[in-house]
Each structure stands twice: as C-alpha cells, then as structure tokens.
Amino acid sequence: MEAPGRSDLLRKLKALGKEELEGFKDKLSEVLLEGGSEPIPITPADPAALTDLLLRHCRGDSKVVLKVLEDVEARLRKVSPTASSHPQQAWKPSTCTKAGDSGPKSHFTHSGDEIPPGEGGMLASAIAFMKRHLSFTGSKAKAAGKQSRKEDPTGDSWGTDKCKLCPREEDPPEEIHPEIIWGPDGNQETYRVHLPGAGSFRCSETELGFDVRAAMTVQYRYGFWDQHLSVWSTPKWMIAGPLFSIQADPAGAVAAIHLPHFLCLRGADTSRMQIAHFIEEGMTLEKPMQVRPFHAVLENPSFSLYGVVWGNRSKPSILIHSIVLLYWALKMAKTTLHLYIIPNDHSRFKAIDDYEKKCPSRLVSTSLQTHKPLTFDSRYVVSSQSNIEVTPKELEFCNIQAECLQSYMEIYTKDIQWGLEFSLIEKINKEPIWEAHVRPEDATLSVSSAQTQTDEHFVSQHQEQLIQRVMAVDSILDSLYGPVLDLEQIQSIRAERSSMEKMRKLYELVPKWDNDCKDRLYQAVKEKHRHLVEELEGI
C-alpha cells in the first residue's frame, strides 16, 4: 500500500511552478544533508522523486515530514524576509468545474490543492500552505494543523472521509504501525506489533483495533473467505469486511477486538450484524458487544479467524462505503487506465494494488472516495467529453472477496496532451458518484517509470520491497563481509532488532556503493530468496 500522506504531498509538489520546485529541492537538499542523508542528485526536480525521497528520509513519520518542511520554510524566509507577502502577485483561488462543464479549470479537482503561485520569497508561503493542508494518518499528524485519524476517525488511510452520513466513532484509539513479516513464498504478509501496556490501539495498515489490559504482542494477517464459505454460505448472510487470522501473547491480555466493516449504518438495524468465528469444529456466529460506524467490537475473543457479516433479511439493500481506484498500465498501448469500484476494505485495496504492480501499473493520484455510499449490484458507466474507449461499457459494483480477481473497466485514449477528465455515472438515475482529472504530467511520470526500470540497478529499484521482505539478513551480511562491508558495519547492522530494521540500516550504505557492490548484494539476496527476486524481476 502507498505510504500514508504520499498522494497528498505529491499533489502539493506538482502544484509548484518549475522554479519554485527547483528552489524547494535546493533547500530540501540542505536540510537532508544536515540530517545525515546523501546529497540529492543534480537532476531536474521531479515531484514524485522528491516526495519519495522525503518520505524515505522521514521513514513515513508525518511529524518528521512536517519538521523537514518547517526547516525548508525557515531557510527560504531567511533568504527572503518578505516571503509572506508579495504585492505584485495577489493570489486568488482558481475556479473548478465538474467534468463536462464549460468554463475555467483549475490544475486540481481536490480542495486544498491549489498553492499560491509566485517566485522567490513566495515559495516560503507555498511551503507554509502545504503544511497546513497536508493530510497524514496517525496521531503524529497533529503538527500539520489538521485532524489526525485519532481525532477524526471517519478519515481513512488515504486522507479522505469515509462517509459524510456516518457519525464519528467515540474514544478514538492510538494508531500503531506494525512490523510487516513476509512468508516463505514472499507473498503472504503477517503483521506484528508489541503493545506497551493497557490501552486502545488501531493498526494503520488494516484498521484492526485492540483494547488490551497489559503489555502484549499480537500477530495477525488477512484470511481467505472462500476457504470457509462452502461450510456456511447462505444468501441470508453477506460478507461485510476483511477476515482476520489473529494470534496474541498472552491471549488473556486482549479485552476486545475492533473488526473493520464497510457498511453505512445510518438508519440501519444494527442487530443484523454478526461476527463469523471460524474454528476447527466449524463456524459460529457471535453477537458484537458494540456496533460502531466503522467497526464491530467483540469482547474477550478466543482468537482464530474473525470477520464481520450482515444479515440479508429485508429490503432496501444496505449501503456500502465505497472507493474508486485508478491505475495507469505502464506497458500498455498509449494511455490505458484500469478503474475499479470496491468497498472501502483494506484487504481488497491491497490485493488490487499487488496485482496491478505486477502488470506493471501505477496508482494514479486521484480522490478515492465516492460522493455517497453505494449498493451492491448497481451499475456504472463512464462519461467524458474526451475521446476515449471504455471496455466493458458498464461495471457492476459487486461483493468480490480480496482473494478473487476483481472486475475493472479499461479506459483507453490515444492523446492525453490536454489532460483527461471523466466521471463515473450511476446507470439508472444518471447521478455522478466520482470524478477524475488525469493530467499530462501523470503520463510523463508513468512512461518515465517504465523506461527506467531497466536502467536502475535492481537493489535500488526494489529497495522498499527488499527492506520489507528479505528475512535472511544475517546470511546475506556474511556474504558481503570483506569485499563490501567491514566488521564494524556488520555489527552495527546486526544490532538492529528486526530483519526489516537491519535491511534499512544496510540500505543507508547503498548510496555510496558502485555497481560491483550492488551486484554482490543482488547475488546474496538471490541465493537466499530466489522466488522473491524472480517475482521482482518479472515486474
């Protein structure tokens, strides 16, 4: 899944002019150098590259990102004390219209994306504007001047509100960032986190929540509904969220679990919600202690497989919190997009993202949230004034599980020189539920990504995947001892606690290596994780 806040930060940087972006890059390089990072390469400033560089340096910590932006702003204001005002360039928000309307267009269709234009000292004001309008997940986002998910639990992991109809959940928990552990085949992800003491916590990756009585360690992963559906499948019940396999040590330390669901419960009979519990003897349905807008709470769980289901006893159909995903197919002809409509379910988002990365495709930075909750079995069509081809002509919104291949629309156009605007329209009542504006620079970034895949060294190209998925770090370090690493470097890396932390420490040295050193790391990784390397080389 994309790093929290990345899409928002990237949009803000794209809004800067060319000279402003170069100025930002120069000051960012100064700040990162003082923080111990390598110099930023002397190449034209690229918004995506600068975004990823900043997030890597800050390790995804929103508080650190904001501190870096503050330092950049401070340096700019030293250069131009009058940065906060520029009488020659008074800024007014640009006008934005929906797809198909006539009239002036803004560069962005999302509120809060327009950054005041200007040069020189105005860049400091632009950075200040960025800080005020960036959206991050987690409690550390308070420094941004916006509500974090702890303060605003209706916000999802992609920085948008889940539902305008549903109330906020009370007593928001502390957000936790788990360690990600990869299985032997390099595919199945397991999440693990140590909770320091009594309290309420929620996972940033899965939205699974825990109320605990004491310090404990919990490990969990997504399960597969289709492996159990044949046992109890019936039209009377509808799957309403991810299935989780959970283990806790000690198990008695967990007072309750908060299982995420994607149902819009405004005006609904919440007694129809149950929790499916799968054990060796079969399946049981358990009544949640509490039904919340985005979670079902189960007290004193015994642990195994849990997931939320909904009783389909009457009409009208339950409303579904929904999102739209748009991917750019990098190796397809001209401009080819894949559009998905799915419930707001992290397990399905992740499954689609994993599939699209192998195509390879790139997630386009657009709004994910639909304008309103949807209903299953409804149908949608694409409307656009641009010259596009859409296959199939309509897409049905279905409850397809994460482990199954999801349906999507393919949108093709020969020319995106002036951008591409389109809407998703409900087929029956003709009401728009989502809009997108794909810009020419998105195409440039996508083509560039595809072209540079063979130019960038494997260990640099797949840095984040190798950091998260390589497990045999000690054996790899043994292979690098002598020709690449000295004893002091190896001891420093081995002092880290987890394999992921060890790999991050190792990668702090990689920017100083030549291709021969990188080749040795590649061979060492391939020897220990052949399946992982083969998978990444196929991307």
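Quick notes on the rules
- Residues numbered from 1 in each chain as written.
- Predicted model: local features only at pLDDT ≥ 70, side-chain atom pairs only at ≥ 80, totals over all residues.
- Heavy atoms only, no water.
- Pairing = 2+ DSSP bridges.
- Helix = DSSP H or I, 4+ residues; strand = E, 2+ residues; numbered from the N terminus.
- Axes fitted to C-alpha atoms, helices over the stretch in contact; angles between N-to-C directions.
- Contact = heavy atoms within 4.5 Å.
- Phe/Tyr/Trp six-rings, centres within 6.5 Å; stacked < 30°, edge-to-face > 60°.
- Buried < 20%, exposed > 50% of the residue type's maximum accessible area, 1.4 Å probe, protein only.

S.K.: Before we go on, may I ask you to explain the sheet that holds strand 20 (residues 389-391) in this structure?
M.R.: Strand pairing in a sheet relies on backbone hydrogen bonds. The paired strands run either parallel or antiparallel. If you trace the 5 strands from one edge of the open sheet to the other, you get 18-16-17-22-20, paired in antiparallel fashion. Sheet topology places strand 18 (361-363) and strand 20 at the edges, where each strand pairs with a single neighbour. The sheet shows a mean angle of 25° between the axes of neighbouring strands, taken without regard to direction. Strands in contact with helix 7 (residues 346-357) are strand 16 (322-329), strand 17 (335-343) and strand 18; relative to strand 17, the strand with the most contacts, it is inclined by about 160°.

S.K.: Even after reading the chapter, I still don't get the packing of aromatic side chains, so can you show me in this structure?
M.R.: Each aromatic ring pair is specified by the distance between its two centres and by the angle formed by the two planes. In the structure shown here, the tally under the stated rule is 11 aromatic pairs. Both rings, one in F210 and one in Y220, keep their centres 5.6 Å apart while their planes meet at 50°; by these two values the pair is tilted. Of this pair, F210 sits in strand 5 (residues 209-212) while Y220 sits in strand 6 (residues 216-222), and the two are 10 residues apart along the sequence. Each member of the pair, F210 together with Y220, is buried. Here F262 and F376 contribute two aromatic rings whose centre-to-centre distance is 6.2 Å and whose plane-to-plane angle is 90°, an arrangement assigned as edge-to-face. Of this pair, F262 sits in the loop between strand 8 (254-260) and strand 9 (263-264) while F376 sits in the loop between strand 18 and strand 19 (379-383), and the two are 114 residues apart along the sequence. Overall, F376 belongs to the buried group, its relative accessible area being 13%. The rings of Y191, F210, Y220, Y222 and F244 are connected pair by pair, giving a single aromatic cluster.

S.K.: Is there a simple way to think about the pairing of strand 23 (residues 420-426) in this case?
M.R.: For a regular strand, side-chain orientation follows a simple rule: the groups alternate between the two sheet faces. With 7 of 7 residues buried, strand 23 lies mostly within the body of the structure. Because side chains alternate across strand 23, one face comprises the buried residues L420, F422, L424 and E426, and the other comprises E421, S423 and I425, equally buried. The sheet contact formed by strand 19 and strand 23 spans 4 bridges and is antiparallel. Counterpart to V382 in the pairing with strand 23 is L424. As defined by bridge partners, strand 23 adjoins strand 24 (residues 432-438) across 6 bridges and the pair is classed as antiparallel. The residue bridging I425 from the neighbouring strand is P432, located in strand 24. Where strand 23 folds back onto strand 24 in an antiparallel hairpin, the turn is made up of 5 residues, including K430, whose phi is positive at roughly 65°.

S.K.: Help me understand the sheet that holds strand 21 (residues 394-396), please; the structure alone is not making it clear to me.
M.R.: With respect to topology, 4 strands assemble into an open sheet ordered 21-19-23-24, the strand pairing being antiparallel. Two strands close off the open sheet at either side, each with one partner strand: strand 21 and strand 24. Each neighbouring strand pair of the sheet contributes to a mean axis angle of 25°, computed without reference to strand direction. When strand 19 meets strand 21, the two strands line up antiparallel, connected through 3 bridges. Residue pairing across strands places R379 opposite E396, the latter belonging to strand 21.

S.K.: Teacher, can you tell me more about the environment of L54 here?
M.R.: Tracing the sequence through the fold places L54 in helix 3 (residues 47-58). Since its relative accessible area comes to 1%, L54 is described here as buried. The spacing of L54 and V68 is 14 residues in sequence and 8.4 Å in space, taken between C-alpha atoms. For L54, the contacting residues outside a window of four places in its chain are L9, L28, V65, V68 and L69.

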